[in-house]
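For reference, the chains in residue letters:
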Amino acid sequence: MDKNPTRYNVQLYIYDLSRGMARSLSPIMLGKQLDGIWHTAIVAYGDEFFFGGEGISSCSPGGTMLGPPDTVVELGETEVSEEIFMDYLSSLGESTYRGDRYRLFEHNCNTFTNEVAQFLTGRPIPSYITDLPSEVLSTPFGQILRPILDSIHIAPPGGNVINGGRNM
């Protein structure tokens, strides 16, 4: 048995889909301050992995039309091999994270990155990201917008779908 297993760096890429507008408009619209509308992705093994309305996708780091991330968080290292990780993603893409299972508030890119981060490193992503949907929905305006927002499927262009089309 290898006493020095290979370790791979794991990062969280954080993008503000509002490009700063949430910070200025949220107090007026929601009555509370939001610093951003977060899209997240896991970067490991030289690729960026994310979940959206098309399923699980990958691209080179910063390779979607969102461009470079607003913030990069070092999540730690993993000993999980790339082969095992890709099998894990394939399994998730056939079940839990198929494109047709995407829900903006309950089952989105951030729930995906949180699950994958815990699989790879044993650590969750920052709670200010995972708590965002409940922050929005706890406001009267969030409740009014919910039916509209529930119909939105975010899938940043530029990724290659790994698995999980919408018709499975």
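Everything below is about the structure shown above.
Just so we're clear, the structure is a prediction, and the values are computed from it rather than from any experiment.

Visitor: Looking at this structure, how should I read unusual backbone geometry?
Guide: Of note in the backbone geometry, arginine 19 takes a positive phi value of approximately 55° without being a glycine. Looking at the secondary structure, you find arginine 19 in the loop between strand 1 (8–16) and helix 1 (21–29). Given the relative accessible area of 54%, arginine 19 is considered exposed. Positive phi, close to 60°, is recorded for tyrosine 45, a residue that is not glycine. Residue position: tyrosine 45 is located in the loop between strand 2 (38–44) and strand 3 (47–52).

Visitor: Is there a simple way to explain the pattern of salt bridges in this structure?
Guide: Pairing between side chains of opposite charge can happen when their charged atoms approach one another. Across all of its chains, the model carries four salt bridges by this definition. Across the pair arginine 7 and glutamate 79 runs a salt bridge whose closest N-O atoms are separated by 2.5 Å. On the criterion of sequence distance, the pair formed by arginine 7 in the segment before strand 1 and glutamate 79 in the loop between strand 5 (71–78) and helix 2 (82–94) is long-range, its members being 72 residues apart. Residue classification places arginine 7 among the partly exposed positions, given a relative accessible area of 44%.

Rules and cut-offs
- Residues numbered from 1 in each chain as written.
- Predicted model: local features only at pLDDT ≥ 70, side-chain atom pairs only at ≥ 80, totals over all residues.
- Heavy atoms only, no water.
- Helix = DSSP H or I, 4+ residues; strand = E, 2+ residues; numbered from the N terminus.
- Buried < 20%, exposed > 50% of the residue type's maximum accessible area, 1.4 Å probe, protein only.
- Salt bridge = Lys/Arg side-chain N within 4 Å of Asp/Glu carboxyl O.

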